[in-house]
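Overview (structure and organization)
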Amino acid sequence: MEIKLIQGDITGQDVDAVVNAANSSLLGGGGVDGAIHRRGGPEILEECRALRASRYGRGLPTGQAVATTAGRLPARWVIHTVGPVHSASEDRSELLASCYRESLRVADELGAETVAFPAISTGVYGWPMDDGARVALSTVRGTPTSVAEVRFVLFDAAAYAVFERALGEAPPA
Ligand code: ADP
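What comes next concerns the included structure. Everything numeric in this text was worked out from a predicted model, so none of it was measured.

Attention shifts here to the pattern of salt bridges. Going through the model one piece at a time under the given rule, you end up with seven salt bridges. Between Lys4 and Glu149 there is a salt bridge, with the nearest N and O atoms lying 3.5 Å from each other. Linking Lys4 in strand S1 (residues 2–7) with Glu149 in strand S6 (residues 149–154), this pair joins segments that are 145 residues apart in sequence. Measuring nitrogen to oxygen at the nearest pair gives 3.4 Å for the salt bridge that ties Arg134 to Asp131. Remark: Asp131 and Arg134 occur in helix H4 (residues 129–142); sequence separation between them is three residues, near one turn of the helix. Under the relative-accessibility criterion, Asp131 is labelled partly exposed at 25%. The network of salt bridges with shared partners includes Lys4, Glu149 and Arg151.

Okay, the packing of aromatic side chains next. Following the criterion strictly, the structure yields four aromatic pairs and no others. Plain terms: the ring middles of Phe117 and Phe152 are 5.9 Å apart, the flat faces sit at 25 degrees to each other, and that makes the pair stacked. Here Phe117, found in strand S5 (residues 114–117), pairs with Phe152, found in strand S6; they are 35 residues apart in sequence, far enough to count as distant. Taking relative accessible area as the criterion, Phe152 reaches 0% and is therefore assigned buried.

Contact pair helix H3 (residues 93–110) / H4: the axes reach a minimum separation of 9 Å and the direction vectors enclose 40 degrees. Considering their axes alone, H3 and H4 lie oblique with respect to each other. With respect to the hand of their crossing, H3 and H4 are arranged in right-handed fashion. Within the contact between the two elements, H3 uses Ser93, Leu96, Ala97, Tyr100, Arg101 and Leu104 and H4 uses Gly132, Val135, Ala136, Thr139 and Val140. Classifying every residue of the contact of H3 with H4 by side-chain character gives seven nonpolar, three polar and one charged.

Further remarks concern the pairing of strand S3 (residues 65–69). Consecutive side chains along a regular strand alternate between the two faces of the sheet. With four of five residues buried, S3 lies mostly within the body of the structure. In the sheet, S3 pairs with strand S4 (residues 77–82) via five bridges, with the strands oriented antiparallel. Bridging across to S4, Thr68 finds its partner in Val78.

Here we take up the state of the cysteines. A covalent bond between the sulfur atoms of two cysteines is referred to as a disulfide. A complete count under the given rule lists zero disulfides for this structure. Sulfur of Cys48: no disulfide; nearest cysteine sulfur belongs to Cys99 and is 15 Å away. We classify Cys48 as buried; its relative accessible area is 1%. Residue Cys99 is classed as buried on the basis of its relative accessible area, which comes to 0%.

With that out of the way, let us pick up helix H5 (residues 157–169). An ideal rise of 1.5 Å per residue puts 18 Å on 13 residues; H5 measures up with 18 Å between its terminal C-alpha atoms. Along H5, the residues that are buried comprise Ala159, Val162, Phe163 and Ala166. Across the axial projection of H5, the buried residues extend over an arc of 95 degrees, all falling on one side. On its buried face, H5 is in contact with S1, H4 and S6.

Another aspect to go through is the layout of surface pockets. The rolling of a water-molecule-sized probe over the atoms marks out the regions of remaining empty space. Here the largest pocket defines a volume of roughly 590 Å³. Contributing to the lining of the largest pocket are 29 residues, with Ala21, Gly31, Val32, Gly123 and Val124 lying nearest its centre. Mapped by element, the contributors of at least two residues to the lining of the largest pocket are strand S2 (17–22), helix H1 (31–40) and S6. The leading source of residues in the lining of the largest pocket is H1, at five residues. For the lining of the largest pocket, a count of residues per class yields 15 nonpolar, ten polar and four charged.

Rules behind the numbers
Residues numbered from 1 in each chain as written. Predicted model: local features only at pLDDT ≥ 70, side-chain atom pairs only at ≥ 80, totals over all residues. Heavy atoms only, no water. Salt bridge = Lys/Arg side-chain N within 4 Å of Asp/Glu carboxyl O. Helix = DSSP H or I, 4+ residues; strand = E, 2+ residues; numbered from the N terminus. Buried < 20%, exposed > 50% of the residue type's maximum accessible area, 1.4 Å probe, protein only. Phe/Tyr/Trp six-rings, centres within 6.5 Å; stacked < 30°, edge-to-face > 60°. Axes fitted to C-alpha atoms, helices over the stretch in contact; angles between N-to-C directions. Parallel < 35°, antiparallel > 145°, perpendicular 65-115°, else oblique. Left-handed = near helix turned anticlockwise from the far one by under 90°. Contact = heavy atoms within 4.5 Å. Nonpolar A, V, L, I, M, F, W, Y, C, P; charged D, E, K, R; others polar. Pairing = 2+ DSSP bridges. Disulfide = S-S within 2.5 Å. Expected span 1.5 Å × (residues − 1). Arc of directions from axis to C-beta. 1 Å grid on protein atoms, 1.4 Å probe; cavity = no way out; pocket = protein on both sides within 12 Å on 5 of 7 lines; lining within 4 Å. Points joined across faces, edges and corners; volume = space filled by probe spheres on them.

What follows is the structure, encoded as structure tokens:
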């Protein structure tokens, strides 16, 4: 699998699947979630509502992932995953790793070959970027998948630099 780092807006990525840093309600929010729904249009929210009604009445659990259409985005699917809120007193990195693993599993089920990830949990959910990058890169590298290309789309130059350094330091898969 090829791993690429890109600085930019995840909603503009021409990939098979874009991963959304969703919240468990699946009804939209700020950050990546807000941008995806704004640019992707109402079709995504409609499908999220249907998923809530049929399978996730109590919300999508943290660390799990589920796919919908991508509406008007250039992608074919959006894979919604719920990252953990960072905690100083409890190690929740296994839940963060689960977001990447489960998203890749859903991507495999869909037959997606190119997948774009944001830096899950590093915004409103407060995860430090350097640790978030390490978890993201080691999990994606360590997960067996038929996805051929994973793009990490980092919103700003600082996040890009942190991922670049972590990629250089990561042990080979
Ligand atoms: P979370 O609630 O999981 O922390 P956020 O959406 O608040 O999710 O933020 C996750 C990361 O995505 C942050 O580093 C944030 O700067 C970044 N981000 C926000 N909007 C975009 C976007 N349109 N494209 C790519 N990354 C984004």
